[in-house]
Amino acid sequence: MSNYNINKGIGRTVEFKGLKAQYLFIFAGGLLGVLVLVMIMYMAGVNSYICLFIGAGGASLIVWQTFALNGKYGEHGLMKVGAKKRHPKYIICRKAVHRYLKFNTKSNAL
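Note that this is a predicted model, so its numbers are computed, not measured.

Draft legend 1. Local environment of the overall build of the chain. Looking only at helices and strands, one finds 4 helices and 2 strands in the chain. Ordered by position from the N terminus, the helices and strands of the chain form the series β-β-α-α-α-α. The buried share of the chain, reckoned over its 110 residues, is 14%. A sequence separation of at least 24 residues applies to 61% of the contacts in the chain between residues at least 6 apart. Per element, the accessible surface of the chain, about 10200 Å² overall, is 64% carbon and sulfur.

Draft legend 2. Inspection of the packing of helix α1 (residues 22-44) against helix α2 (residues 48-73) at higher detail. Remark: α1 packs on α2, axes separated minimally by 9 Å, with the N-to-C direction vectors making an angle of 170°. When the axis of α1 is compared with that of α2, the two are roughly antiparallel.

Draft legend 3. Inspection of α2 at higher detail. Relative to the 38 Å expected for 26 residues at 1.5 Å per residue, α2 spans 37 Å between its end C-alpha atoms, a close match to the ideal helical length. Among the residues of α2, those classed as buried are Cys51, Gly55, Gly58, Thr66 and Asn70. Among the structural elements, β2 (19-20) and α1 are those in contact with the buried residues of α2.

Draft legend 4. Structural view of the side chain of threonine 66. Note on placement: threonine 66 falls in helix α2. A distance of 2.6 Å separates a polar atom in the side chain of threonine 66 from the backbone oxygen of isoleucine 62. In this view, threonine 66 contacts Leu19, Tyr23, Ile26 and Phe27; residues no more than four positions away in its chain are not counted.

Draft legend 5. Region of interest: α1. Here α1 spans 33 Å end to end across 23 residues, near enough to the 33 Å set by a 1.5 Å rise per residue. Buried within α1 are the following residues: Gln22, Tyr23, Leu24, Phe27, Gly30, Val34, Val38 and Met41. Tucked inside the fold, the buried residues of α1 contact β1 (15-16), β2, α2 and α3 (77-86). With its phi angle positive at about 100°, glycine 45 sits one or two positions after the end of α1.

Draft legend 6. The packing of aromatic side chains, seen in detail. The tally for this structure, following the rule as stated, stands at 1 aromatic pair. Geometrically, the ring pair formed by phenylalanine 27 and phenylalanine 67 is edge-to-face, given 6.3 Å between the ring centres and 75° between the ring planes. Of this pair, phenylalanine 27 sits in helix α1 while phenylalanine 67 sits in helix α2; the two residues are 40 residues apart in sequence, bridging distant segments of the chain. Given a relative accessible area of 18%, phenylalanine 27 falls into the buried group.

Draft legend 7. A nonpolar patch on the surface, seen in detail. A cluster of nonpolar side chains, namely Leu32, Leu35, Val36, Met39 and Ile40, defines an oily patch on the protein surface of about 470 Å² accessible area. Relative to the assigned elements, isoleucine 40 resides in helix α1.

Draft legend 8. Representation of the side chain of glutamine 22 in the model. Along the chain, glutamine 22 turns up in helix α1. With sequence-adjacent residues up to four places away left out, glutamine 22 is seen in contact with Glu75, Leu78 and Met79.

Calculation criteria
Residues numbered from 1 in each chain as written. Predicted model: local features only at pLDDT ≥ 70, side-chain atom pairs only at ≥ 80, totals over all residues. Heavy atoms only, no water. Helix = DSSP H or I, 4+ residues; strand = E, 2+ residues; numbered from the N terminus. Buried < 20%, exposed > 50% of the residue type's maximum accessible area, 1.4 Å probe, protein only. Contact = heavy atoms within 4.5 Å. Areas by Shrake-Rupley, 256 points an atom, 1.4 Å probe, with all protein chains shown as cover. Axes fitted to C-alpha atoms, helices over the stretch in contact; angles between N-to-C directions. Parallel < 35°, antiparallel > 145°, perpendicular 65-115°, else oblique. Expected span 1.5 Å × (residues − 1). Polar contact = N/O pair within 3.5 Å; in protein donor to acceptor, adjacent residues only side chain to side chain. Phe/Tyr/Trp six-rings, centres within 6.5 Å; stacked < 30°, edge-to-face > 60°. Patch = residues over 30% accessible without salt bridge, like charges linked within 9 Å, V, L, I, M, F, W, Y side chains within 5 Å. Salt bridge = Lys/Arg side-chain N within 4 Å of Asp/Glu carboxyl O.

And the structure:
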């Protein structure tokens, strides 16, 4: 009888041609966006050589930048950079301290 190994990739991230995790979505979305842009331009009557130039240039730019980001930041680094940009560097406190301390007195309800 043969012994088959199944579920060999459980726990690992998805990888395609060296691109990992969210870079696959950036890559696919960018190429799809360039394709839609070229199709709209072609249907609008723009010269086909201009459409070809913009399509090839945009696609090569997407490929180049996606692989550069993948190499620079790695699998989770791009999310860490985005989280660091949203995190405040310092907290500004402009009110007086007694304004933050609010004492509620209980009213006698019947």
